[in-house]
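Summary of structural features
The primary structure of each chain is shown beneath.
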Amino acid sequence: GAVVSQHPSRVICKSGTSVKIECRSLDFQATTMFWYRQFPKQSLMLMATSNEGSKATYEQGVEKDKFLINHASLTLSTLTVTSAHPEDSSFYICSARITAKETQYFGPGTRLLVL
Amino acid sequence: AQKITQTQPGMFVQEKEAVTLDCTYDTSDQSYGLFWYKQPSSGEMIFLIYQGSYDEQNATEGRYSLNFQKARKSANLVISASQLGDSAMYFCAMREALYGNNRLAFGKGNQVVVIP
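First things first, this report covers the structure right here in the doc. (Residues numbered from 1 in each chain as written. Chains lettered and ligands numbered in written order. Predicted model: local features only at pLDDT ≥ 70, side-chain atom pairs only at ≥ 80, totals over all residues. Heavy atoms only, no water.)

1. Comments concerning the interface of chain B and chain A
If you look at the interface, chain B gives 19 residues, while chain A gives 23 residues. Buried surface at the junction of chain B and chain A, summed over both partners, amounts to about 1600 Å²; 50% is from carbon and sulfur atoms. Along the contact surface separating chain B from chain A lie one salt bridge. For Glu 59 of chain A, the salt bridge is made with Arg 103 of chain B, and the minimal N-O distance between the two is 2.7 Å. For the pair chain B and chain A, the interface holds four residue pairs in polar contact (both at pLDDT 80 or more). Counting only elements with at least two residues in the side of chain B that touches chain A, the list comes to strand S5 (32-39), strand S6 (46-52), strand S10 (88-96) and strand S11 (104-106) of chain B. (Contact = heavy atoms within 4.5 Å. Buried area = accessible area lost by both parts, 1.4 Å probe. Salt bridge = Lys/Arg side-chain N within 4 Å of Asp/Glu carboxyl O. Polar contact = N/O pair within 3.5 Å; in protein donor to acceptor, adjacent residues only side chain to side chain. Helix = DSSP H or I, 4+ residues; strand = E, 2+ residues; numbered from the N terminus.)

2. Section: the state of the cysteines
Under the counting rule described, the total for this entry stands at two disulfides over all chains. The partner cysteine of Cys 23 of chain A in its disulfide is Cys 94 of chain A, sulfur to sulfur 2.0 Å. Torsion about the S-S bond of the Cys 23 of chain A and Cys 94 of chain A cystine: about 80 degrees, corresponding to right-handed handedness. Residue Cys 23 of chain A is found in strand S3 (residues 19-25), and its partner Cys 94 of chain A is found in strand S9 (residues 90-97); the two are separated by 71 residues along the sequence. For Cys 23 of chain A, a relative accessible area of 0% puts it in the buried group. Accessibility expressed as a relative area gives 0% for Cys 94 of chain A, which makes it buried. A sulfur-sulfur distance of 2.0 Å marks the disulfide that ties Cys 23 of chain B to Cys 92 of chain B. Across the disulfide from Cys 23 of chain B to Cys 92 of chain B, rotation about the S-S bond amounts to roughly -65 degrees, and the bridge is consequently left-handed. Of this pair, Cys 23 of chain B sits in the loop between strand S3 (19-21) and strand S4 (24-25) while Cys 92 of chain B sits in strand S10, placing them 69 residues apart in sequence. The exposure class of Cys 23 of chain B is buried, given its relative accessible area of 0%. (Disulfide = S-S within 2.5 Å. Buried < 20%, exposed > 50% of the residue type's maximum accessible area, 1.4 Å probe, protein only.)

3. Some points on the pairing of S10 of chain B
Residue and element names in this part refer to chain B. Here S10 lies mainly inside the structure; nine of its nine residues are buried. Sheet topology note: the S5/S10 ladder contains eight bridges and is antiparallel. Paired with Leu 34 across the strands is Met 94, a residue of S10. As defined by bridge partners, S10 adjoins strand S12 (residues 110-115) across three bridges and the pair is classed as antiparallel. Within the sheet, the bridge partner assigned to Met 89 lies in S12 and is Gln 111. (Pairing = 2+ DSSP bridges.)

4. Digging into the nonpolar core
Counting residues in hydrophobic clusters, the biggest one holds 26 residues, and the most contacted among them are Trp 35, Tyr 58, Phe 67, Ile 69, Leu 79, Tyr 92 and Leu 112 of chain A. The set of elements that each furnish at least two residues to this core consists of strand S2 (10-13), S3, strand S4 (32-38), strand S5 (44-51), strand S7 (67-73), strand S8 (76-81), S9 and strand S11 (110-114) of chain A. (Core = buried A, V, L, I, M, F, W, Y, C linked by side-chain atoms within 4.5 Å.)

5. Re the side chain of Asn 110 of chain B
Residues and elements named next belong to chain B. Along the chain, Asn 110 turns up in strand S12. Using a relative accessible area of 0% as the deciding quantity, one classes Asn 110 as buried. Among the polar contacts listed, one links the side chain of Asn 110 to the side chain of Gln 6, at a separation of 2.6 Å. Aside from chain neighbours lying at most four places away, what touches Asn 110 is Gln 6, Gln 8, Leu 21, Asp 22, Trp 36, Ala 88, Met 89 and Tyr 90.

What follows is the structure, encoded as structure tokens:
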């Protein structure tokens, strides 16, 4: 149990395009999902907390208009990188928390390369 | 201020031996949770073990155990009988009740390489 999927696993796009990443909890409902960004050989940096049915809460320094988050159902959250630029190239990973439980379960991550 | 500290350099461990990964944390909260995750080269984050601040016994999950020393604010991970598949980055993380929504703060990670 507690499986989280992420799609796509890898994406290469041209500068200026938008990229949507999906995060799904496959066998449980998640009222809260989290989006992280990780640069090579560094730790995870929390970008935003995604709450089902309400607006996401963004961490300081993260542009909400640049990284659009939608949590439309209890099993799906999406992150859209708008007008992507090469500096947005990174590893994006989501996690989901089973309601009333402690542990966050992570998706397999998405490697984004913007040319 | 950094909440989770993992300062060990990369470690080489002989297969079948035990390895201890250090983690210290900083919090003024009485209620918090500590986690360890494993990240192999594929990138996925694999949950290993959880310790609640009010848990009196050290958490164990198979070959993983957490040496929780509350007064010293340390939560070291012990991996017994290392296997080649244990080669990965290991991250310590903390959830504070003050955060709300169970946000986690991660340490910088420990690199472990298991050698045959």
